[in-house]
Amino acid sequence: TIILSVILIVTLSCSMNNEEKSFTPQNVVPALIGKGIFSGNENISAQNTVIYDIAVWNDILNSLDQGTFQELTETTGVDFNTFQLIAVIDTLYPSPTYEVKITTITENENNIVVNYEKIFTPSASSVYAQSFHIVKMPKSIKPVTFVLLQ
């Protein structure tokens, strides 16, 4: 009976320790891929998305004009076995009045939350503009949620 009591106590303490362990949310520090303005000729729809593979990334790159392409810090060296890209691409506007900015990325136990801002700056310019912000972070199988901060 003493052995059974010891086994019971050890088993209960192990299960309690497992229940007490909790996931601590982690801030992800992403690497900048690009931030700026598309001219509107790219025909890229407004979207908040995760790019998991080279084929989708190449489709985006192939649609960029040379000037925008040169603004990107990394175009061909993304290892999609290790990393994924987070992209916030705003609506096309008739003037460059909005800037999108990814402010934080937090990895939670069951998901990843990308917080971003949409900053208004009045402009007298009449050139079409589509703000974008693209970053690289470690690859994850967790779903990603985008939150527009007010």
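Residues numbered from 1 in each chain as written. Predicted model: local features only at pLDDT ≥ 70, side-chain atom pairs only at ≥ 80, totals over all residues. Heavy atoms only, no water.

*Asks:* A description of helix H2 (residues 54-63) should follow, citing residues and the corresponding values.
*Replies:* The α-helix advances 3.6 residues per turn, and as a result positions three or four apart in sequence lie on the same side. Taken residue by residue, H2 has Trp57, Ile60 and Leu61 as its buried positions. With its buried residues spanning 100 degrees around the axis, H2 presents them on a single face. Turned more than 90 degrees from where H2 packs its buried face, Asp59 and Asn62 sit exposed. Against the buried residues of H2 lie strand E2 (31-38), strand E3 (47-51), helix H3 (66-71), strand E4 (83-89) and strand E7 (130-138). (Buried < 20%, exposed > 50% of the residue type's maximum accessible area, 1.4 Å probe, protein only. Helix = DSSP H or I, 4+ residues; strand = E, 2+ residues; numbered from the N terminus. Arc of directions from axis to C-beta. Contact = heavy atoms within 4.5 Å.)

*Asks:* Any details on the sheet that holds E3? Residues and values, ideally.
*Replies:* Taken together, the four strands give an open sheet; going across it, the order is E2-E7-E4-E3, and neighbouring strands pair in antiparallel fashion. Looking at the sheet topology across the chains shown, the edges are occupied by E2 and E3. Going across the sheet, the axis of each strand differs from the next one's by a mean of 15 degrees, ignoring polarity. Pairing geometry for E2 and E7, over seven bridges, is antiparallel. Note that in E7 the partner of leucine 32 across the bridge is valine 135. Along the sheet, H2 makes contact with E2, E3, E4 and E7, crossing E3 at roughly 130 degrees. (Pairing = 2+ DSSP bridges. Axes fitted to C-alpha atoms, helices over the stretch in contact; angles between N-to-C directions.)

*Asks:* An account of the environment of threonine 121 is needed here, citing residue identities and associated values.
*Replies:* Here threonine 121 shows up in the loop between strand E6 (112-120) and E7. Since its relative accessible area comes to 43%, threonine 121 is described here as partly exposed. As a C-alpha pair, threonine 121 and glutamate 99 span 22 residues in sequence and 7.8 Å in three-dimensional space. Residues contacting threonine 121, with those up to four places away along its chain left out, are Pro96 and Thr97.

*Asks:* Hey, could you go over the sheet that holds strand E5 (residues 98-107) for me, with residue numbers and the actual values?
*Replies:* Spatially, the four strands line up as an open sheet ordered E1-E5-E6-E8, and their pairing is mixed. The sheet terminates laterally at strand E1 (26-28) and strand E8 (144-148), the two strands that pair on one side only. Each strand of the sheet is rotated relative to its neighbour by a mean of 30 degrees, with strand direction disregarded. Relative to E6, E5 runs antiparallel, the two being bridged by nine bridges. Pairing of threonine 104 across the sheet is with asparagine 115, part of E6.

*Asks:* A description of the packing of aromatic side chains should follow, citing residues and the corresponding values.
*Replies:* For the structure shown, the criterion picks out three aromatic pairs. Residues tyrosine 93 and tyrosine 98 carry aromatic rings whose centres are separated by 4.8 Å and whose planes lie at 35 degrees to one another, so their mutual orientation is tilted. Relative accessible area serves as the criterion here: at 28%, tyrosine 98 is assigned to the partly exposed category. Three or more aromatic residues link up through ring pairs in this structure, and these residues are Tyr93, Tyr98 and Phe120. Here lysine 118 stacks its cationic end above the ring of tyrosine 98, 5.0 Å away from the centre of that ring. Directly above the ring of phenylalanine 83 sits lysine 136, whose terminal nitrogen or CZ lies 4.4 Å from the centroid. (Phe/Tyr/Trp six-rings, centres within 6.5 Å; stacked < 30°, edge-to-face > 60°. Lys NZ or Arg CZ within 6 Å of the ring centre and 35° of its normal.)

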